[in-house]
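Understanding the architecture of this molecule
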Amino acid sequence: MTKQDIIEHLTYKCGLHRSSAISAVEGIFNAISDSLARGEAVTLRGFATIKVVNIAQKIGRNITAKTPVTIPAHKTVKLVPSNELKNKLNS
């Protein structure tokens, strides 16, 4: 499902005008990304928790040259599904 699919779903299933659906989806994604940029976790009850995690520096391998490569420390986003979502997927 893409962002466009979510907008269409809100338009047809929930009865929103297309412009309102676009504003709602953009607003939600902006709020989530702004919170993550500040280092805050986003908890969506019944769905998941989205949080920023620090990845430590590690040694990888360049497959073609067969030489070690240092992968620097960085941040990434982790999605932890809720128990409700896990149960829904496993049923």
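What you see is a predicted model, and the numbers here were worked out from it, not measured in a lab.

The phi dihedral of Lys66 falls on the positive side, at around 55°, and the residue is not glycine. Along the polypeptide, Lys66 turns up in the loop between strand E3 (58–62) and strand E4 (67–71).

Enumeration according to the criterion identifies 2 salt bridges in this entry. With a closest N to O distance of 3.2 Å, Glu26 and Lys3 form a salt bridge. Taken as a pair, Glu26 in helix H2 (residues 18–37) and Lys3 in helix H1 (residues 3–13) lie far apart in primary sequence, 23 residues in all. Of the residues examined, Glu26 reaches a relative accessible area of 30% and is grouped as partly exposed. Notably, a salt bridge pairs Glu40 with Arg38, separated by 3.2 Å at the nearest N-O pair. When its relative accessible area of 38% is taken as the criterion, Glu40 is described as partly exposed.

The rules behind the values
Residues numbered from 1 in each chain as written. Predicted model: local features only at pLDDT ≥ 70, side-chain atom pairs only at ≥ 80, totals over all residues. Heavy atoms only, no water. Helix = DSSP H or I, 4+ residues; strand = E, 2+ residues; numbered from the N terminus. Salt bridge = Lys/Arg side-chain N within 4 Å of Asp/Glu carboxyl O. Buried < 20%, exposed > 50% of the residue type's maximum accessible area, 1.4 Å probe, protein only.

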